[in-house]
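Descriptive analysis of the structure
Listed here are the chains, written in short residue letters.
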Amino acid sequence: MMSPSDSEKGKVVSSEICVAVAMHKKYRKPADPVYLPLHVGAALSASDGEDLGIASDDTGDNISNLNRYYSELTALYWLWKNSDAAHKGLVHYRRYFSTRSFGRHFKRDRMDRIMSGDEMRGILTRGSNDGVLTPKKRNYYIETVYSHYAHTMHGEQLDETRKVLSSLCPQYVPAFDAEMQRKNVHILNMFVMRADLFDKYCAFLFPVLKELGERIDPAQYDAFHARYLGRVSELLLDVWLDTNRVRCAEAPLVSIEPVNWFKKGGSFLAAKFFGKKYGKSF
């Protein structure tokens, strides 16, 4: 595939639905036009000449150079500032919303199980939600949202997040406190939203993360834990949805590569009972 021209890489994305697919390496791409493969952290990989032949997050108004701390959120920011689509969203190159078509759900090729633009459009325009699609909530069962994060990452990051919310937007503190005590939550920084809600969410999220990053310097951690701003952000989506009483539709996910649930579950239990924090993504 030929690389897009500089003008194509930097163009404003305009469509009914635009879902950025956060990618940091060459990988298979969905064919449906609602998906926009987007090279995240492109500003950091420019020095080694890496070109994925897709749009990149270092064009227009961007924070591409912060990808080592913000992870896939550099794609979220780019879409916020550079797209005027009616609905905007974010997925990952190995993780998508799953089709609701029974027949396609069992396709051998997992790329064929991805939710189509037509399916997504039908969900987002349904009157039972406010034009918001999220994954189904993750259930921790034996952990609260706070204790799970504290066991696997660094709990002081959530403590400081609460202080930031108290300072910048105290109306969100009650929802934050309630979420920390729950055992289920929408995570993964995956969603599709009506544009006005998407923009309002980003206008809430990024100032909070900026202030948090100034209070707890992510550069003090190793490469895995330095991405904590991206992880904390996962726990702020429900805080924003609940505070603003935004109704959302949920959908299951499909992983393009099979998940090793035995290894993932073992790491979860080791973190809870033996204090072994996560050292890599699963």
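Our subject in this report is the structure included herewith. (Residues numbered from 1 in each chain as written. Predicted model: local features only at pLDDT ≥ 70, side-chain atom pairs only at ≥ 80, totals over all residues. Heavy atoms only, no water.)

**Remarks on the overall build of the chain**
Of regular secondary structure, the chain possesses 13 helices and 11 strands. The 282 residues of the chain split such that 54% are buried. Looking at the chain alone, contacts between residues at least 24 apart form 72% of all its contacts between residues at least 6 apart. Split by element, the accessible area of the chain, about 13200 Å² in all, is 52% carbon and sulfur. (Helix = DSSP H or I, 4+ residues; strand = E, 2+ residues; numbered from the N terminus. Buried < 20%, exposed > 50% of the residue type's maximum accessible area, 1.4 Å probe, protein only. Contact = heavy atoms within 4.5 Å. Areas by Shrake-Rupley, 256 points an atom, 1.4 Å probe, with all protein chains shown as cover.)

**Side note on the pattern of salt bridges**
Summed over all chains, the structure comprises 13 salt bridges. In this structure, Lys163 and Glu160 form a salt bridge, with 3.9 Å as the shortest nitrogen-oxygen distance. With Lys163 and Glu160 both in helix 8 (residues 155-168), this residue pair falls 3 residues apart, about one helical turn. Take Lys163: its relative accessible area is 49%, and that puts it in the partly exposed class. By relative accessible area, Glu160 is classed as buried at 17%. A salt bridge links Glu160 to Arg215, with the shortest nitrogen-to-oxygen separation between them at 3.0 Å. Pair noted here: Glu160 is in helix 8 and Arg215 is in helix 10 (residues 195-215), with a separation of 55 residues, a long-range link. Of the residues examined, Arg215 reaches a relative accessible area of 34% and is grouped as partly exposed. (Salt bridge = Lys/Arg side-chain N within 4 Å of Asp/Glu carboxyl O.)

**Regarding the packing of helix 8 against helix 10**
Contact geometry of helix 8 with helix 10 gives a least axis separation of 10 Å together with a crossing angle of 125°. Compared by their axis directions, helix 8 and helix 10 come out oblique. Classified by chirality, the crossing of helix 10 by helix 8 is right-handed. Residues Gln157, Glu160, Thr161, Lys163, Val164, Leu165, Ser167 and Leu168 of helix 8 lie in contact with helix 10, whose contacting residues are Phe204, Pro207, Val208, Glu211, Leu212 and Arg215. Of the residues belonging to the contact of helix 8 with helix 10, the class tally is 7 nonpolar, 3 polar and 4 charged. (Axes fitted to C-alpha atoms, helices over the stretch in contact; angles between N-to-C directions. Parallel < 35°, antiparallel > 145°, perpendicular 65-115°, else oblique. Left-handed = near helix turned anticlockwise from the far one by under 90°. Nonpolar A, V, L, I, M, F, W, Y, C, P; charged D, E, K, R; others polar.)

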